[in-house]
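Each chain is listed here by its residues.
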Amino acid sequence: MELCVVLVLVALCYASPYTHTSSEETEAFEYLAKLDPEILARRNAAMEANWTYESNITDENLDIKNQVAAENASFFKEVAERLAKYDYNSFHDEDLKRRIERLVGLGYSALPEDRFGKIMDAINNMKENYAKVKICDYHDRTKCDLELEPELTEILAKSRDPEELKYYWQQWHDAAGAPTREDFQTYVELNNEAAKLNNYHSGAESWLSAYEDETFEQQVETVMEELRPFYEQIHAYVRHRLREYYGEDVVSEKGPIPMHLLGDMWALAWHQIADITSPFADRQLLDVTDEMVRQGYTPIQMFEMGDQFFQSLNMTKLPQTFWEKSILEKPEDDRDMICHASAWDFSKQDDVRIRQCTRVTMEHLFIVHHELGHVQYYLQYQHQPSVYRGGANPGFHEAVGDVLSLSVSTSKHLEKIGLLRDFVQDEESKLNQIYSAALDKFVFLPFAYTIDKYRWGIFRGDIKPEEYNCKFWEMRTKYSGVEPPIMRSEADLDSPALYHISADVEYLRYFVAYIIQFQFHRAACEKAGEYVKGDPEKTLNDCDIYQSAEAGNAIKAMLAMGSSKPWPDAMEVLTGERRMSADALIEYFQPLYDWLVIENERLGVYIGWEPSDSK
């Protein structure tokens, strides 16, 4: 009886405003209504198996994960084959057509069973290699248990010894990269094979299709060109300050910046070196880590604070199961697990989780809000049909949490929640604050752009296997102006030393997120009464939407759409805009740009970079 009630409710949820003009369209409509509970159940089984494996990497858990993936691939292939028999392009119900199109696209499930298993093995092998890397201590080579999180991450952030930094950079890249070469090549070949089975020219076009716009790649190119002059100013200034700190033997006057000096294993964000490069060194830097430790903060409290922020916007409180099932701290046992922070949707009512090896730092406080942004998205669209339970485009999901982080990172918010005391907010400290944000947000964009441009080149055959590593560093230098601290060759394979490449995660989403989050932020700030264009008292870079139900309701309306409409429709609900634009981001950082142009001219520093032969 319960099953009948569920099916009736599902059918009602799927009621269409269109008149079904053919029996075939009616049949397809009814089939999808009956199919949806099974799709959700299968997704749940897959997520449970993935969660178990990534939280405890064992051969047994891997076998279960692979078995569930294979069974689901077979199921979705059968679904796609049945739906493909319909002449769905002639259907009158546009929503029905959209749902069918999403189920006909199979991704890797389009591969024959043995080939599907092979690509899953290749990806799992790369992820496992990444998760199990352990490095010997620079000062005590008999101690060989240092992991990326937290040890290596903290060393790269805090050490100012270039030789120590170089050592850890090399050890990590040697261990996390080259051993995956065979699996990486298998992955590339089968990614392309699956793309062609799904009627795409290559994996590049398959990934780009998620943005539902044939001009999107060109839009990204245009944004990068728009940002380049600003990036070159930041780069020139940072290189100059690092040259002052480390000396001309370590940092050249006109060359790329040695990336191991930038506070991060991949030089994707540089905010960890703000203490030695900030414009006004005599001004207090905005860092509440010590205060969090002094107040006895715990990872649980950090997540409770994030939950309270969302509730203050009239958004959804975290369900009790979140607290019961999430992994918010690194377990004390000796299991191997993936510590990379991630949010999970289990396709069941209110079953949302986060896995994060949280540390009590200001940076992790912001990461907590970012991950909770994913969770909030899951909760807002969980009423949607299964095919629409996703971001409007891949970048939307990444942008939502960062919108909250833009508020949380302001001095006014940190004062409100009692983490910032006696902080003098004058023009110089404000510029330091914007500068630190730029080292996190702005410098990331060329990196994010490169990661998928590189993989598009591989998928399209423009980058050959015998040049994978040299082309990777050529592109990193071209777009970011950084270089590895030691010579690299084709005996190395350094790109899989980034988690998202080892884990087969499309990266353009992060580039898009870092652009559109400022468009979202501007719109939310206007609704909260925190921003008025041209008003020096209500600027984008000092806006905190905390406790604004009006801003929260506007964000909720966009999130609730999931992927039920093309992403410009969703963006328009919140912002009134339909295109990705860098103007809000540039407005946010404009005071810094104006200062950099004058300061770099005063210092006489070289703008841009000349390639060196150390790649």
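Residues numbered from 1 in each chain as written. Predicted model: local features only at pLDDT ≥ 70, side-chain atom pairs only at ≥ 80, totals over all residues. Heavy atoms only, no water.

A. Inspection of the overall build of the chain at higher detail. Secondary structure assignment for the chain yields 25 helices and four strands. The C-alpha atoms of the chain give 24 Å as radius of gyration, which agrees with the globular expectation for 615 residues (25 Å, within 12%). Counting only contacts in the chain whose residues sit at least 6 apart along the sequence, the fraction spanning at least 24 positions is 76%. Surface accessibility of the chain: about 25300 Å² in total, with carbon and sulfur atoms responsible for 49%. Averaging the locations of the 63 positively and 107 negatively charged side chains of the chain gives two centres separated by 2 Å. (Helix = DSSP H or I, 4+ residues; strand = E, 2+ residues; numbered from the N terminus. Rg over C-alpha atoms; globule rule 2.2 N^0.38 Å. Contact = heavy atoms within 4.5 Å. Areas by Shrake-Rupley, 256 points an atom, 1.4 Å probe, with all protein chains shown as cover. Lys, Arg positive; Asp, Glu negative; His and termini not counted. Charge placed at Lys NZ, Arg CZ, Asp CG, Glu CD.)

B. Up close: the environment of Met47. Tracing the sequence through the fold places Met47 in helix α2 (residues 23-55). Sequence separation between Met47 and Ile434 is 387 residues; the distance between their C-alpha atoms is 39 Å.

C. Structural view of the state of the cysteines. Enumeration according to the criterion identifies three disulfides in this entry. Across the disulfide from Cys136 sits Cys144; the S-S distance is 1.9 Å. The chirality of the disulfide connecting Cys136 with Cys144 is right-handed, given an S-S dihedral of about 95°. For Cys144, a relative accessible area of 35% translates into the label partly exposed. The disulfide bridge from Cys339 ends at Cys357, spanning 1.9 Å between sulfur atoms. The sign of the S-S torsion, about -75°, decides the handedness of the disulfide formed by Cys339 and Cys357: left-handed. Of this pair, Cys339 sits in the loop between α14 (320-325) and β2 (342-345) while Cys357 is found in the loop between β3 (352-355) and α15 (362-380), placing the two residues 18 residues apart along the sequence. (Disulfide = S-S within 2.5 Å. Buried < 20%, exposed > 50% of the residue type's maximum accessible area, 1.4 Å probe, protein only.)

D. Representation of the packing of helix α10 (residues 216-246) against helix α19 (residues 444-459) in the model. The contact between α10 and α19 brings their axes to 11 Å, and the two run at 145°. Where α10 crosses over α19, the handedness of that crossing is left-handed. Between α10 and α19, the contacting residues are Glu217, Val220, Glu221, Met224, Leu227 and Tyr231 on the first element and Leu445, Pro446, Tyr449, Lys453 and Trp456 on the second. (Axes fitted to C-alpha atoms, helices over the stretch in contact; angles between N-to-C directions. Left-handed = near helix turned anticlockwise from the far one by under 90°.)

E. Geometry of the packing of aromatic side chains. For the structure shown, the criterion picks out 45 aromatic pairs. Plain terms: the ring middles of Phe184 and Tyr187 are 6.1 Å apart, the flat faces sit at 45° to each other, and that makes the pair tilted. Of this pair, Phe184 and Tyr187 both sit in helix α8 (residues 181-197), three residues apart, roughly one helical turn. No difference in accessibility class separates Phe184 from Tyr187, as the two residues are buried. With 5.2 Å between their ring centres and 65° between their planes, Phe396 and Phe520 make a pair best called edge-to-face. Highlighted residues: Phe396 in helix α16 (residues 394-408) and Phe520 in helix α22 (residues 508-527), separated in sequence by 124 residues. For the pair Phe396 and Phe520, one class covers both residues: buried. Through pairs of rings, three or more aromatic residues link up here, namely Phe230, Phe442, Phe518, Tyr588, Phe589 and Tyr593. Positioned above the aromatic ring of Phe75, the side-chain terminus of Arg42 is 4.2 Å from the ring centre. The ring of Tyr514 has Lys441 lying over it, and the distance from NZ or CZ to the ring centre is 4.9 Å. (Phe/Tyr/Trp six-rings, centres within 6.5 Å; stacked < 30°, edge-to-face > 60°. Lys NZ or Arg CZ within 6 Å of the ring centre and 35° of its normal.)

F. Focus on the side chain of Ser342. Checked against the element boundaries, Ser342 lands in strand β2. Given the relative accessible area of 16%, Ser342 is considered buried. Separated by 2.8 Å, the side chains of Ser342 and Trp344 make a polar contact. Setting aside residues no more than four positions away along its own chain, Ser342 makes contact with Arg353, Ile354, Arg355 and Glu371. (Polar contact = N/O pair within 3.5 Å; in protein donor to acceptor, adjacent residues only side chain to side chain.)

G. Local environment of the packing of α16 against α22. Between α16 and α22, whose axes approach to 7 Å, the crossing angle comes to 50°. Our classification of the angle between α16 and α22 gives oblique. You can see that α16 and α22 cross each other, and the crossing is right-handed. Mapping the contact onto sequence places Pro394, Gly395, Phe396, Glu398, Ala399, Asp402, Val403, Leu406 and Ser407 in α16 and Arg509, Tyr510, Val512, Ala513, Tyr514, Ile516, Gln517, Phe518, Phe520 and His521 in α22. (Parallel < 35°, antiparallel > 145°, perpendicular 65-115°, else oblique.)

H. Layout of the pairing of β3. Both faces of β3 are covered, namely the face carrying Val352 and Ile354 and the face carrying Arg353 and Arg355. As defined by bridge partners, β2 adjoins β3 across four bridges and the pair is classed as antiparallel. Bridging across to β3, Trp344 finds its partner in Arg353. (Pairing = 2+ DSSP bridges.)

I. Spatial organisation of the confidence of the model for the chain. With 96% of its residues at a pLDDT of 70 or more, the chain shows a mean pLDDT of 93. Per-residue pLDDT stays below 50 along residues 1-20; that stretch engages in 20 contacts with residues further than four places along the chain or on separate chains. (pLDDT = per-residue confidence, 0-100.)

J. Summary view of α8. The terminal C-alpha atoms of α8 lie 25 Å apart, and with 17 residues this matches the ideal 24 Å at 1.5 Å per residue to within 8%. Within the span of α8, buried status applies to Asp183, Phe184, Gln185, Thr186, Tyr187, Val188, Leu190, Asn191, Asn192, Ala194 and Ala195. Taken together, the buried residues of α8 touch α5 (113-132), α9 (203-208), α19, α20 (468-480) and α21 (499-502). Positive backbone phi, at 70°, marks Asn199, one or two positions downstream of α8. (Expected span 1.5 Å × (residues − 1).)

K. A look at the environment of Ala551. With respect to the secondary-structure elements, Ala551 resides in helix α23 (residues 549-559). Separated by 82 residues in the primary sequence, Ala551 and Asn469 place their C-alpha atoms 45 Å from one another. Look past the residues within four positions of Ala551 in its chain and what remains in contact with it is Ala524, Lys527, Ala528 and Ile545.

L. Broad picture of unusual backbone geometry. With an omega of 5°, the peptide bond between Glu149 and Pro150 qualifies as cis. Along the polypeptide, Pro150 turns up in helix α6 (residues 148-158). Here the phi dihedral of Asn314 falls at roughly 65°; this positive angle occurs in a residue that is not glycine. On the secondary structure map, Asn314 appears in the loop between α13 (299-312) and α14.

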